[in-house]
Amino acid sequence: MKSEVPMCDLIGIGIALLFLLALSALTVIGPSAGWKTIVSLAIAAAKLVLIVWFFMRLGRHRGLIRVFAAAGLCWLSLLLVLGFGDYLTR
Amino acid sequence: MSETAAVSAEVRERHEITTQLGMWGFLATEVLFFGGFFMAYALYRHSYPEAFAEGGRHMAFGLGTTNTALLLISSVFVAIADRAVRAGRRGLTLGCLATAWLMGLAFLGIKAIEYTQHVSDHLVPGRHFLPGQSSNPRLQLFMYLYFGMTGLHAFHMIMGLIAVAWLMNGVRSGRIGPSRPEPVAVIGLYWHFVDCVWVVLYPLFYLVGR
């Protein structure tokens, strides 16, 4: 295992998360548009990476724990890709 | 370091990895549990974009954003508690866990206010859904998903509050401390996961159609 993220860095990550939240909230300004969904989901993905890597300490672990985390993501991706694939090709 | 101390440290590290592995395995099944809902949301939103845009405009944007901020900040406190318990800082651990717990409770309180508002606005799917209004009939579908997904998330929040209360009791009594810090890390993983689910729900329900 790698060394811990210092406590003060955790506060910095929290501030970054709130900044990203403010960015997603700002997307409501102006008329509704398709690109806003993509931007807000991309911001949500950035928030997830910060939480999982630093707060859930995935960056500190190696081996099996990363495999388990990747398996969850892989199963969800399979569900979405196969589900949508079937729907769009009917 | 003596040989006994080195063995003890290795056993402790293995124990920590094992308990965390168990929680990661559980979280992988939780991803699939919520995954069905996300799949349904994606398919129906693709089929009925106007209904979903209209549904999003019925959501309380300010309350949803406040709730997201509350959960993100609570995750910072839980992460600090995890570091503090390893450093033997009992007061800081308890303070951080208590603050996160209160933020989780505030989240549920705000959610209850939102649900009450939806009930009085006749937005609960069923016979009394928006009576006398020619709204998009697929709007009910959006509200079904909204109540299903946020309700399931709220249930997980309640479980998280119970778990954090148990942690606080353990830290206060001395059962959880620098010699046994794993429960804070394991329950912290669960708390962060519930936060992650909300981070995805927020743009899906509160930003759609705006």
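Rules behind the numbers
- Residues numbered from 1 in each chain as written.
- Chains lettered and ligands numbered in written order.
- Predicted model: local features only at pLDDT ≥ 70, side-chain atom pairs only at ≥ 80, totals over all residues.
- Buried ≥ 20, exposed ≤ 12 C-beta atoms within 10 Å, placed from the backbone.
- Helix = DSSP H or I, 4+ residues; strand = E, 2+ residues; numbered from the N terminus.
- Arc of directions from axis to C-beta.
- Contact = placed C-beta atoms within 7 Å.
- Nonpolar A, V, L, I, M, F, W, Y, C, P; charged D, E, K, R; others polar.

## Looking at helix α2 (residues 49-58) of chain B
Residues and elements named next belong to chain B. For α2, the set of buried residues is Ala51, Phe52, Gly55 and Gly56. Relative to the axis of α2, the buried residues are bounded by an arc of 140° and lie together on one face. Structural note: α2 exposes Glu50 and Arg57 on the side pointing more than 90 degrees away from its buried face.

## Here's the deal with the interface of chain A and chain B
Contacts between the two partners involve 37 residues from chain A, matched on the other side by 36 residues from chain B. Where the side of chain A that touches chain B is concerned, the elements lending two or more residues are α1 (7-26), α2 (34-55) and α3 (64-88) of chain A. At 13 residues, the largest contribution of residues to the side of chain A that touches chain B is made by α3 of chain A. When grouped by side-chain class, the residues that make up the side of chain A that touches chain B number 26 nonpolar, eight polar and three charged.

## Section: unusual backbone geometry
Phi angles above zero are rare outside glycine, and arginine 57 of chain A is one such case at about 60°. One can find arginine 57 of chain A in the loop between α2 and α3. Take arginine 57 of chain A: there are 21 C-beta atoms within 10 Å of it, and that puts it in the buried class. Phi is positive for histidine 122 of chain B, close to 60°, though the residue is something other than glycine. With respect to the element layout, histidine 122 of chain B can be found in the loop between α4 (90-120) and α5 (139-173). What makes histidine 122 of chain B partly exposed here is the crowd of 13 C-beta atoms within 10 Å.

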